[in-house]
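# Residue-level structure breakdown
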Amino acid sequence: MAGRKSVPEVARPTPGQRAVEWCKDLLILLLTCSALFLTSQTPMADQLRLLTAQPIQSSLPAAARSEEAAIPYVIAVRNGLGLYGASYDETLVGRAFDQLSSLLGEGLSTAGGTETISRYQWQTLLESPGVYCAFQGTPPLSALEGWLGVGTGAPEGGAEGLLLSYDGSRVWLCWREGDLYRRSATAVAYEGHMATTLEQFNPNGAAFASTLVREDGVYATLDGDVLVSMTAPSPRNYALSSPDFVGDSAALERLLEALGFQSGVNSAYQTAGDLAINESGDRLRVSSHGTVSFHAGGEGRYPISSQSESPTLAQCVQAAWELLERSSAPWREEGSYVLTGAVPNEEGWVITFQARLDGVPVLTGEEGWAAQFVTTAREISSFTLTLRSYTPTETNAVVATERLAAAALHSLPQANGKLKLCYNDLGGSALTAGWMCVE
């Protein structure tokens, strides 16, 4: 048997050689540290920090979703069994809207040519299988489609009432703006998803005033689209407070941070009882009762994101809503904001939002809106906000049924019959809901 090969001896370094190698390693380490230090002082280092830094978190509250600004305060579903209706209830209306919003979005995205219809045609479609929504104000269809749909096919105009209805042969998108009624044919297929979705709702005794008036003449004083529930609503009472931006420096500091102003509270100066701040040409004015107004100079502080020369209405609305959410977040304990209108001006749009508490509309001040934004070209050029904190109390308002409210309208012949349950926020310390006739 062959013997094992001997293992060659490995030369071991002498103590002097070890010292030389150790010096080499130390020199390499020093050169590396020097290079890293020099790199950190160059512009390239800033780019590296951006690449490795943690992403900036959104300043919007975690629960805030832009789709919330499109939720109606009334929703009704008609199927082969009858009518299901929910109103002035954040939970019930929100749950139903979650199930139906994809249908409405598809209707808005696939709507074709527009035609005007009569009140009788509207009423016929209202009594056909479908979905009806009543909104605060008249939000633009294009903004609703931007939040609910998948394309840019929404017709022009706004809708105080929106209806997706099947007449037996096709599905129509119908909308009401004042006394004008319009409709567009859609690509929504009734058989399948729409029919199955509608069948999930069981009738609960709700009815439209136009149906009830056939047996009870009291409802003749109401607009036909008013949804009447089986029981009277029982909205909560709220305590109301406003941030004092004049006397509370901490509140002003939080507002400046939310609005992106770098100037500190010490830069504010008195003007007619309010405080004003000028920064880079932009002017901000705040009051002791929660009012904030802004007018842009030339900095473009609040740009509207757009890939084209001119942003769409939906993009303008989205930018306004995000700024409103960011500005109001430090003080808003309860409630949400909903889109109520967008009117064109010479260079852009005038966009308004109203507040809502637990599903009940809130009318703020004499104008009714809680926030108004003006857009020009590619930015928000001015806005006015009324910021509030609403705290629920342990009591509920005593509200009459819609029938009793309708009977009371006999003494108000000038009323238009558009009965709506609302909170009227005129800046007091308490808030109680009641029936109102609104435009």
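Cut-offs applied
Residues numbered from 1 in each chain as written. Predicted model: local features only at pLDDT ≥ 70, side-chain atom pairs only at ≥ 80, totals over all residues. Heavy atoms only, no water. Phe/Tyr/Trp six-rings, centres within 6.5 Å; stacked < 30°, edge-to-face > 60°. Helix = DSSP H or I, 4+ residues; strand = E, 2+ residues; numbered from the N terminus. Buried < 20%, exposed > 50% of the residue type's maximum accessible area, 1.4 Å probe, protein only. Lys NZ or Arg CZ within 6 Å of the ring centre and 35° of its normal. Salt bridge = Lys/Arg side-chain N within 4 Å of Asp/Glu carboxyl O. Pairing = 2+ DSSP bridges. Core = buried A, V, L, I, M, F, W, Y, C linked by side-chain atoms within 4.5 Å. Contact = heavy atoms within 4.5 Å. Bend = angle between axes of the 7 residues up to and from the residue. Polar contact = N/O pair within 3.5 Å; in protein donor to acceptor, adjacent residues only side chain to side chain.

By the definition in use, this model includes 15 aromatic pairs. Their ring planes at 80° and their centres at 6.4 Å tell us that W122 and Y132 sit as a pair that is edge-to-face. Remark: Y132 occurs in strand β4 (residues 130-134) and W122 occurs in helix α4 (residues 119-126); sequence separation between them is 10 residues. When sorted by exposure, W122 lands in the same class as Y132, which is buried. Seen in terms of ring centroids, F353 and F373 are 6.0 Å apart; in terms of plane orientation they differ by 90°. Their pairing is edge-to-face. One end of the pair, F353, is in strand β16 (residues 348-357); the other, F373, is in strand β18 (residues 371-376), and 20 residues separate them in sequence. Judged on exposure class, the residue F353 and its partner F373 are both buried. Lying across the ring of W331, R254 places its NZ or CZ 5.8 Å from the centre.

For the coordinates displayed, the defined rule picks out 14 salt bridges. For D225, the salt bridge identified is with R119, shortest N-O distance 3.0 Å. With a gap of 106 residues between them, D225 in the loop between α7 (209-212) and β9 (227-228) and R119 in helix α4 connect regions that are remote in the sequence. Two residues, R176 and D179, come together in a salt bridge whose shortest N-O distance is 3.9 Å.

As a further point, take the pairing of strand β15 (residues 336-344). On a regular strand, each side chain points to the face opposite its neighbour's, so the side chains alternate between the two faces of the sheet. The element β15 is largely enclosed, with a buried count of seven among its nine residues. For β15 and β16, the ladder comprises eight bridges, and the chain directions are antiparallel. Looking at the pairing, P344 lines up with W349 of β16. From the end of β15 to the start of β16, which pair antiparallel, there are three residues.

Take the sheet that holds strand β10 (residues 236-241) next. Consider a sheet: its strands pair through backbone hydrogen bonds, and that pairing is either parallel or antiparallel. With antiparallel pairing, the three strands of this open sheet are ordered in space as β20-β10-β22. At either end of the open sheet lies a strand with only one pairing partner, and these are β20 (389-396) and β22 (430-431). Relative to β20, β10 is paired through five bridges, and the arrangement is antiparallel. In the sheet register, R236 faces β20, and the bridge partner there is N396.

Here we come to the nonpolar core. In this structure, I75, F245, L259, V292, F353, F373 and F383 are the most contacted members of the largest nonpolar core, which totals 116 residues. When residues of this core are assigned to their parent elements, the largest contribution, eight residues, is made by helix α9 (residues 313-328). Apart from the residues within four sequence positions on either side, F245 is in contact with A251, L252, L255, L275, V286, S287, S288, G290, T291, V292, W331 and L387.

This part covers helix α3 (residues 90-109). Along its length, α3 shows its largest kink, about 50°, at L100. Buried within α3 we find V93, G94, A96, F97, L100, S101, L103, L104, G105, G107, L108 and S109. With a side-chain oxygen positioned 3.1 Å from the backbone nitrogen of T91, the residue opening α3 is D89.

Just geometry here; none of it tells us what the structure is for.
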